[in-house]
Every structure is written in C-alpha cells, then in structure tokens.
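An overview of the molecular structure
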Amino acid sequence: MALLPIICYPDPRLHKIAKPVKEFDDRLKKIVADMAHTMYEAPGVGLAATQVDIHERIIVIDVSDSRAELKVLINPEVIWQSEEVKSWREGCLSVPDYFDEVERPDKVRIKAYDENGDDFELEAEGLLSVCILHEMDHLVGKVFVDYLSPLKRMRIKGKMKKREKISGK
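So, here's what we can say about the structure. (Residues numbered from 1 in each chain as written. Predicted model: local features only at pLDDT ≥ 70, side-chain atom pairs only at ≥ 80, totals over all residues. Heavy atoms only, no water.)

Observations concerning the sheet that holds strand 7 (residues 119–125)
The following threshold applies: Two strands qualify as a pair provided that DSSP identifies no fewer than 2 bridges between them. Where helices and strands are cited, they refer to DSSP runs of H or I of at least four residues and of E of at least two residues respectively, numbered from the N terminus. Whenever a helix is involved, its axis is fitted only over the stretch in contact; in every case the axis is a line through C-alpha atoms, and angles between N-to-C directions fall within 0 to 180 degrees. Pairs of residues are marked as contacts when any of their non-hydrogen atoms sit within 4.5 Å.
Ordered in space as 1-2-3-6-7, the 5 strands form an open sheet in which the pairing is antiparallel. Whereas interior strands pair on both sides, the edge strands pair on one side only; in this sheet they are strand 1 (46–48) and strand 7. Strand-to-strand twist in this sheet, taken as the mean axis angle between neighbours without regard to direction, amounts to 40 degrees. As judged from the 3 bridges shared by strand 1 and strand 2 (residues 58–61), these two strands associate in the antiparallel manner. Bridging from a neighbouring strand, Leu 47 pairs with Val 60 of strand 2. Sheet strands in contact with helix 1 (residues 26–41) are strand 1, strand 2 and strand 3 (71–81), and its direction is about 40 degrees off that of strand 2.

So this is what it looks like as structure tokens:
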C-alpha cells in the first residue's frame, strides 16, 4: 500500500468533477487500498479520490472508534435525504487544522458499489451521514469551506497559501 499525497485547498484540482468508475479491476482495488492507508495515516475518517488527484467517483470512510469498519463507496448516489438538518463541526484532510460548522441533512440513504462491483444501499445518520455527504461533495468539485461565508473562505485561503509557502509544498 502506498501513502498518497493529499491535495490541499485552494488547489484548483479539488474543483474537478470526478468521472464514474467503469471497471472494477485490480487497479481499482489498489486505489482503494492506497486511499484507505492514506486516510488512516492522515488520520482522517473519510477520503475522496479527488483529494489524492484521482478524478474518479471513489470514497473510503471509517468513522468507527476501532478503525476497523472501512466502507468503500464507488459511484455513490444519494437516493434520499431527510428534511431535518443538523449542524456539525467539520474538518477536511485537504484543509488541515481548520474546522467550522456546516449544516447537512441529518439522515441520508445512498446507493453505491463496493470495490468488487457489487451494488448496495446504505442508510446513515449522524457522523456517518455527514462524512458521506462531505466526501460526495469532493466528487463534484466542492470543498466544505464552500459552505462558509466569502470572508471566512478568503481567510482560510490566505492561511493555506501561507502554510504552503512555509512548508515549501
């Protein structure tokens, strides 16, 4: 398993729209394994392929305390979401060390495929729901800071650019 470099905001590659996965092969399984390894090492609870400069509809998630309940979502689609929304303090591996409140539906049902090409439905609430929707946003070129005010986005962008200069990345 390889550790993949995570793209940081405001890199324009984070705004690319991911293409559907068409082949469920060994290449896909390697991407999934590398993404899971990267997410766990970061450490994070979710990672979309867009964040590692792979522009395909692939997500890995594990919100468990044990870090032993990996969920793989290939070509995920929301088929239902609750009207009730909740505010969650979100962070993102592509926006390190920054957290802010984002409102999202409290419950969601999605359909997706696993890395073997088997389809399934998943109903989620709470942190899992937030994580799924957050990662699905990445697949359509949206970062959680896009939900914040223009002033907050500008401040974050400035901090991230300063951080990039200091780190030399």
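Quick notes on the pattern of salt bridges
We apply this condition: Any carboxyl oxygen of Asp or Glu that lies within 4 Å of a side-chain nitrogen of Lys or Arg is treated as forming a salt bridge with it. Type-normalised accessible area, obtained with a 1.4 Å probe on protein chains alone, sets the label of each residue: buried when under 20%, exposed when over 50%, and partly exposed for intermediate values.
This structure, assessed with the given rule, holds 10 salt bridges. Residues Asp 137 and Arg 104 are paired through a salt bridge, measuring 3.0 Å at the closest nitrogen-oxygen approach. With Asp 137 in helix 2 (residues 126–139) and Arg 104 in strand 5 (residues 95–105), the pair connects residues that are 33 residues apart, well separated along the chain. Here Asp 137 matches Arg 104 in class, with each residue buried. Among the ionic pairs, Glu 123 bridges to Arg 109, the shortest N-O distance being 3.0 Å. Highlighted residues: Glu 123 in strand 7 and Arg 109 in strand 6 (residues 107–113), separated in sequence by 14 residues.

Notes on the environment of Val 72
Its location among the elements puts Val 72 in strand 3. Val 72 sits in the buried class, given a relative accessible area of 9%. If sequence neighbours within four positions are ignored, Val 72 has contacts with Val 32, Ile 59, Val 60, Tyr 113, Asp 114, Glu 115 and Phe 120.

Quick notes on the packing of aromatic side chains
Heads up, the rule is: In this analysis, rings of Phe, Tyr and Trp, with Trp reduced to its six-membered ring, are considered paired at centre separations within 6.5 Å, and the interplanar angle assigns stacked below 30 degrees, edge-to-face beyond 60, and tilted for intermediate values. Should the NZ of a Lys or the CZ of an Arg lie within 6 Å of a ring centre and within 35 degrees of the ring normal, that charge is described as sitting over the ring.
Taken as a whole, this structure holds 1 aromatic pair when the rule is applied. Geometrically, the ring pair formed by Phe 24 and Tyr 113 is tilted, given 5.7 Å between the ring centres and 50 degrees between the ring planes. In this pair, Phe 24 sits in the segment before helix 1 while Tyr 113 sits in strand 6, placing the two residues 89 residues apart along the sequence. A cation sits over an aromatic face here: Lys 142 above Tyr 147, 4.2 Å from the ring centre.

Description of helix 2
For the record, the criterion: Every helix has an expected span of 1.5 Å times one less than the residues it contains.
With 14 residues, helix 2 extends 21 Å between its outermost C-alpha atoms, agreeing within 8% with the 20 Å of an ideal straight helix rising 1.5 Å per residue. Along helix 2, 13 of the 14 residues are buried, which leaves the element largely enclosed by surrounding structure. Where helix 2 terminates, the next one or two residues include Gly 141, which has phi positive at roughly 80 degrees.

Some thoughts on the side chain of His 134
Mapped onto the elements of the fold, His 134 is located in helix 2. His 134 has contacts with Glu 90, Gly 91, Cys 92, Arg 104 and Phe 144, leaving out every residue within four places of it along the chain.

Shape descriptors only; they carry no functional weight alone.
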